[in-house]
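Examining the three-dimensional arrangement
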Amino acid sequence: MLFSKHVAAALLLATSLPAAAQTRQETLLTSGWKFTKGDQPNGAKPEFNDAKWQAVRIPHDWAITGPFDGRNDQQVVKIEQNGEKEATLKSGRTGGLPFIGVGWYRRQLNVPALGKDGRAVLLFDGAMSNARVYINGKEVMFWPYGYNSFSVDITPHLNAKGSNTLAVRLENQTEASRWYPGAGLYRNVHLITTPGAHVPVWGTYLTTPEVSAASATVKLKTKVEVPAGTPGLILYTALLDAKGQMVAQASTPVTVGQETEQTFTVTSPKLWSPETPTMYTAASRLMMGKVIQDKYETPFGIRTFKFEKEKGFSLNGQPRKFKGVCNHHDLGPLGTAINVAALRHQLTILKDMGCDAIRTSHNMPAPELMTLCDEMGFMVMVESFDEWKTPKVKNGYSQYFDQWVEKDLVNMVHRDRNHPSAIMWSIGNEVPDQSNPNGPAIAKRLQDIVHREDPTRPVTMGMDRYADDLKYGIAAVLDIPGFNYKPHWYADAHSKLPQGFLLGSETASTVSSRGVYKFPAVLGKEMRYPDNQSSSYDLEYCPWSQIPDIEFAAQDDLPYAMGEFVWTGFDYLGEPTPYDEKWPSHSSYFGIIDLASQPKDRYYLYRARWNPAQPTVHLLPHWTWPGREGKVTPVFCYTNGASAELFVNGKSQGRQTKAGPGATDPQTRYRLQWKDVVYQPGSIKVVAYDAQGKTIGTEEIRTAGAPHHIKLVTDRQKLTADGQDLAYITARVEDAQGNLCPDATNELRFAVSGAGTFRAVGNGDATNLEAFQKPQMHAFQGQLVAIVQAGEKAGAVQVNASAAGLKDGTLQLATGK
């Protein structure tokens, strides 16, 4: 029923009560923690003396400080999904960091007075891994999967008076992962208290079943936990737009033991999309007479999408293809400890590239990532598992599958199903069960669980065993057949499967090292070099994969192909293919952007394709090649122009034009290439043109002289003084004329003073074993990135970078509330 004037006034009163009347309290448990590595038999007991333990803040990754060592989690394994025929020693598969073993966390927990019907709940956004939670010495929860969120009601275990002891034991097993998982309480921990009737954790489910330009129907289901003897309750809910203005409202009596359902109509809704990520809020107040029992807010977006046979995917009635990337969860030099500013930094870089979708490979994401995707406009494939019943690694998820898979899927869906950014669920990645006759039954069971909890979104998975996927039938079971690295099979799959569409769930796996170029510049599979680097000509790939252009062509030529999720957006710790058998190499080469968040050349190949609204003109390689005088040094241009002309020392090398869809070589459709250029010092310059012959942009690269100074460039000039905000500062070693010195390896030292601190540093070199936490590091290909963290007081932050023989670089930032 709609609000009467009296009801509206009651809601207004409820929303304007003083802070003292707030009923629900949610506290982030970030400080006051003590940590130690190694098992502690009595670590859960309140009387245990933890005075010698390390004081830490949560989120915390205990292993990111290193040191790197190729003996950490060495695995002798045959990686079947990579086509390996025999087991070999993998020394850097999980990053070479010391995450194996047991870690303990403890803190005192002061819980507000709860009263007779009050409840206290702990919510863990993620704990790596095999979490055992203790209150006052008693184990109250065990949750093995380190990527999932879980909650526990601790009310029965609290002391009647005084403080309580919260302890958490975590244990990471050997050979439990294929990449660096991190270690510890790496995501946030929340304490939620309610005094009486209340909405439980993830207690709302909001859908938008009917959407048009004129109006939208919004349905909200709310669970309410009601103590015995509580008199009649009313749930008041107002829908608020992005400016906080009420656009719809409802009040509904609560029936004990049933969900409370409310339906709203929003006129002229502002629809959510990657281009217009408009958010609304359902603000609910649970009332008993004039007394507020609980307040609960559900952020949401209004949008509609379809997956249609032969038509593919559409959002708000507009056909589109996913321009997505796969990302692992680590934040490079920061490790896995979640930081909103770091996530926002990653998404900002991807947004400029034209990326509009994220696959959370291969696990549940941090809730902060989902919120940012809502706010910034990214569609998300929320993924769950890298294993089912058949193992890939000795101690992977297969050991928990039978007992925990339904619990893990339910938590995943309940937590994230209100996010407009969540477009589809993924129930697995490259699971060996594809090759098992029982695989389709397992897939159907998991898909049915997800449909039961959220019938509004489709289910997919990343499949890599094409013949078995069709032979045993798992591909036909899925709502969306997702294929990893199979563009050559799309047409065949489309002809044999019932869905009428398919998805590139994981694509490319091209490898490169930022700023490194190998000669000759030719297509190469599983290329390896003595320096453990890969070429940034973007022509090197893995035995199972391709260069980007092949997937581009398939997506452009096949209307039923709904887009792609590239492996990967960012480099990540672990999986250093093709050097996982050769130490030192601790991080991937797959990234479009390196581990320190610096774009590689490949970034501009994708930007030219995905961001047509902004001109892209990018030239490679660098033009400082002492010793290559007179040798062929190919030059490529990545541009969204139709053609371009190259000049070397002012002399034209000819004008190249992109080929059309019928070209036999996909590279000629997406790259402009001058393969016979002979190197001479000086400069290369490109002028790019659109299809009408109008200039869209130019780029020039000059031969660098001797290193002269350090230039600092920040991504943000002003930070929030919250103790968490970050600035990413690129340090460039330049010559006297301001040209990047692409071979510079100077050790740069950083000093940060004022209202901020040094946080970490990275240079994107997978072979570099220097610690991320020390304020010095050698440049890689002339650059590195220092991360500066704001303090909690407003003021100026001074950043200085120095190196022997170079002029210092300086920069000033500002922090404020």
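On a predicted model such as this, the values are computed, not experimentally measured, just so you know.

1. Considerations on the sheet that holds strand β40 (residues 709-714)
One open sheet accounts for four strands, arranged β40-β42-β46-β44; its pairing is antiparallel. Each end of this open sheet is capped by a strand with a single partner; those strands are β40 and β44 (756-762). Strand-to-strand twist across the sheet, computed as the mean angle between neighbouring axes with direction ignored, equals 30 degrees. Relative to strand β46 (residues 783-790), β44 is paired through six bridges, and the arrangement is antiparallel. Residue pairing for β46: Gly756 is matched across the bridge by Ala790.

2. Remarks on the sheet that holds strand β33 (residues 617-620)
Spatial strand order, β33-β34-β37: three strands in an open sheet with antiparallel pairing. In the strand order of this sheet, the two ends are held by β33 and β37 (672-674), each with one partner. Across the sheet, the mean angle from the axis of one strand to that of its neighbour is 15 degrees, orientation sign disregarded. Here strand β34 (residues 635-639) runs beside β37; their pairing, made up of three bridges, is antiparallel.

3. Notes on the packing of aromatic side chains
In this structure the tally under the stated criterion is 41 aromatic pairs. Measuring from ring centre to ring centre gives 5.6 Å for Tyr145 and Tyr147, while their planes differ by 75 degrees; the resulting arrangement is edge-to-face. For the pair formed by Tyr145 and Tyr147, the shared burial category is buried. Their ring planes at 25 degrees and their centres at 4.6 Å tell us that Phe385 and Tyr397 sit as a pair that is stacked. Linking Phe385 in the loop between β25 (379-383) and α4 (401-416) with Tyr397 in the loop between β25 and α4, this pair joins segments that are twelve residues apart in sequence. For the residue pair Phe385 and Tyr397, the accessibility class agrees, reading buried in each case. The rings of Tyr145, Tyr147, Phe385, Tyr397, Tyr400 and Phe401 are connected pair by pair, giving a single aromatic cluster. Across the ring face of Trp404, the terminal group of Lys407 is positioned such that the distance to the ring centre comes to 4.3 Å.

4. A short note on the pairing of strand β9 (residues 138-143)
In regular strands, side chains alternate between the two faces of the sheet. Strand direction decides the pairing type here: strand β8 (residues 131-135) and β9, joined by five bridges, are antiparallel. Following the sheet pairing, Arg132 is matched in β9 by Phe142.

5. Considerations on helix α10 (residues 601-610)
Buried residues dominate α10, accounting for eight of its ten residues. Buried within α10 are the following residues: Asp601, Arg602, Tyr603, Leu605, Tyr606, Arg607, Ala608 and Trp610.

6. A word on the pattern of salt bridges
Under the criterion given, the structure shown has 37 salt bridges. The partner of Asp153 in a salt bridge is Arg119, with the nearest N and O atoms 2.9 Å apart. Here Arg119 lies in strand β7 (residues 119-124) and Asp153 lies in strand β10 (residues 150-153), a separation of 34 residues in the sequence. The salt bridge involving Glu453 is made with Arg452; its shortest N-O contact spans 2.6 Å. Judged by its relative accessible area of 13%, Glu453 is buried. Salt bridges sharing partners connect three or more residues here, namely Arg178, Asp386, Lys392 and Glu575.

About the criteria used
- Residues numbered from 1 in each chain as written.
- Predicted model: local features only at pLDDT ≥ 70, side-chain atom pairs only at ≥ 80, totals over all residues.
- Heavy atoms only, no water.
- Pairing = 2+ DSSP bridges.
- Helix = DSSP H or I, 4+ residues; strand = E, 2+ residues; numbered from the N terminus.
- Axes fitted to C-alpha atoms, helices over the stretch in contact; angles between N-to-C directions.
- Phe/Tyr/Trp six-rings, centres within 6.5 Å; stacked < 30°, edge-to-face > 60°.
- Buried < 20%, exposed > 50% of the residue type's maximum accessible area, 1.4 Å probe, protein only.
- Lys NZ or Arg CZ within 6 Å of the ring centre and 35° of its normal.
- Salt bridge = Lys/Arg side-chain N within 4 Å of Asp/Glu carboxyl O.

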